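Descriptive structure summary
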Amino acid sequence: AKKEDKAKAIASSAKQKKKKWSKSKTREKVSNLVVFDKATYDKLLKEIPTAKLITPAVVSERLKVNGSLARRAIRELVNKGLVKSVANNHRQIICTRNATETKAAQ
């Protein structure tokens, strides 16, 4: 009886379909700018200093620029005195708006 069961199992396993690879979800490719055009640069100077949290990810998302350009942009805003640096290490740059400017804007 055991030999018959084994033979049936072998025969049935050969009949089963071959396992398909699961189709992974592909992420949509974002086409971010690699250099500033005039409109985007103006938007940077106008909108970003009013944001409470300023990181390369936030700048990249809002202005549709790539990460390295976002880091450079933040560095420039800090040098111009438009935003204040909170934390800055080799991985992450975190800035916030200047408190004096927000009071003047209100």
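Residues numbered from 1 in each chain as written. Predicted model: local features only at pLDDT ≥ 70, side-chain atom pairs only at ≥ 80, totals over all residues. Heavy atoms only, no water.

**Concerning the pattern of salt bridges**
- One pass over the full model with this rule turns up three salt bridges.
- We note a salt bridge from Glu61 to Lys64, for which the minimum N-O separation is 3.8 Å.
- Residue classification places Lys64 among the partly exposed positions, given a relative accessible area of 45%.
- Here Glu76 makes a salt bridge to Lys80, at a shortest N to O gap of 3.5 Å. Highlighted residues: Glu76 and Lys80, both in helix H4 (residues 67-80), separated by four residues, approximately one helical turn.
- The partly exposed category is assigned to Glu76, whose relative accessible area is 32%.
- Of the residues examined, Lys80 reaches a relative accessible area of 46% and is grouped as partly exposed. (Salt bridge = Lys/Arg side-chain N within 4 Å of Asp/Glu carboxyl O. Buried < 20%, exposed > 50% of the residue type's maximum accessible area, 1.4 Å probe, protein only. Helix = DSSP H or I, 4+ residues; strand = E, 2+ residues; numbered from the N terminus.)

**Digging into the side chain of Thr96**
- Following the sequence through the fold, Thr96 ends up in strand S2 (residues 93-97).
- A distance of 2.7 Å separates a polar side-chain atom of Thr96 from the backbone oxygen of Lys52.
- Among residues more than four places away in sequence, those in contact with Thr96 are Lys52, Ile54, Val83, Lys84 and Val86. (Polar contact = N/O pair within 3.5 Å; in protein donor to acceptor, adjacent residues only side chain to side chain. Contact = heavy atoms within 4.5 Å.)

**Observations regarding the pairing of strand S1 (residues 83-88)**
- Relative to S2, S1 runs antiparallel, the two sharing five bridges. Bridge pairing links Asn88 to Ile93 in S2. (Pairing = 2+ DSSP bridges.)

**Let's talk about the packing of aromatic side chains**
- According to the stated counting rule, one finds one aromatic pair in the structure shown.
- Ring plane angle 70° and centroid distance 5.8 Å describe the contact between Phe36 and Tyr41, whose orientation is recorded as edge-to-face.
- Residue Phe36 is classed as partly exposed on the basis of its relative accessible area, which comes to 24%. (Phe/Tyr/Trp six-rings, centres within 6.5 Å; stacked < 30°, edge-to-face > 60°.)

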